[in-house]
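# A look at the structure
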Amino acid sequence: MTPLIVRLPNHLGDACMALPALDLLAETGHALTLVARPWAKNLFAAYPWPVVSLRGSHLDSVRALREFSGRRALLLTNSFGSALEFRLARIPAFGYSRDGRSWLLREAVAADPNDHMVEYYYRLATVLTRTAFKLPPDPQLCIDDAARQRARELLSARGTATNYVVLCPLAVGLHHGKVKAWNGFPQLADALMASGVNVIAMPGPNETSAVREALPGAVVLPESDVATFAALLAGARLVVANDSGPGHLAGAVGARLISIFGATEPEKTRPWSRSATLIGSGAGWPSYEEVSCAVNAALRD
């Protein structure tokens, strides 16, 4: 096995979209060590890959990386800062020639502007492994038994262990000045609960108040780790989400998913999953009726 340090993307959705690339690296004989934000340790708990958590300043990151000096690295991040950290830690890095950082890399690769993000990460892995590029498979996240048990306990405590729908009403930040969250979630939650459906939500860190406001009357579970959230999504009858980390996590565990777009570009960031139905586009949000019809059709199936 060839040791390889992989710097994961900083956001949950991108980490999910990088799964086919990680699987290809492992399948081609690389012993992976992942370098990432602290939440990634839970996300990849079912995998044999060690996870180094980065916290604090760039200097703190360099200090954490120095134990790997001399090993080869693959950067799935695009930033100048991440390339500089690896250079200062004396780790020869391979990655895309973005953000003026080519001179910091051992080998810089030109990106294909037409790639979906799953293809974007997968292409980089094929160049490093010298394998032919092909259409990547769907991301498939492994979930360990401990996370599944935690999800079961949370649901059982609220009497909703089965037959539930998960709504993910939030999306952090703006995209070209546009809000990334569809505004129809309160109405959708009311309609689902009126028809007898168990509506569940699990907030991310510091999101409980915002989720309760968006989904009044729904069962809002305590904030937990991403592996427990993944197990919750995997057991759902249906997930409805914006173009967000939760949406990509739902796609990665094979959940039946309604993915709502209105600000971001589906061509680049739609969930890469055969279990996902896309509603809306980068040109504008779908109507409530469009989303409601898609949700009802999915529930009938």
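The rules behind each value
Residues numbered from 1 in each chain as written. Predicted model: local features only at pLDDT ≥ 70, side-chain atom pairs only at ≥ 80, totals over all residues. Heavy atoms only, no water. Helix = DSSP H or I, 4+ residues; strand = E, 2+ residues; numbered from the N terminus. Contact = heavy atoms within 4.5 Å. Salt bridge = Lys/Arg side-chain N within 4 Å of Asp/Glu carboxyl O. Buried < 20%, exposed > 50% of the residue type's maximum accessible area, 1.4 Å probe, protein only.

## What to know about the environment of N114
- Relative to the helices and strands, N114 resides in the loop between β6 (107-109) and α6 (117-129).
- For the pair formed by N114 and E267, sequence separation is 153 residues and the distance between their alpha carbons is 8.5 Å.
- In this view, N114 contacts E119 and K268; residues no more than four positions away in its chain are not counted.

## Side note on the pattern of salt bridges
- Going through the model one piece at a time under the given rule, you end up with six salt bridges.
- Across the pair R63 and D60 runs a salt bridge, and its minimum N-O distance is 3.5 Å. Taken together, the residues span about one helical turn, with R63 and D60 both in helix α4 (residues 58-65) at a distance of three residues.
- For R63, a relative accessible area of 53% puts it in the exposed group.
- Between R150 and D225 there is a salt bridge; the shortest N-O distance is 3.2 Å. Here R150 is found in helix α7 (residues 145-156), whereas its partner D225 is found in the loop between β11 (219-220) and α10 (226-234), with 75 residues between them in sequence.
- We classify D225 as buried; its relative accessible area is 18%.
- Salt bridges sharing common partners tie together D112, D115 and R123.

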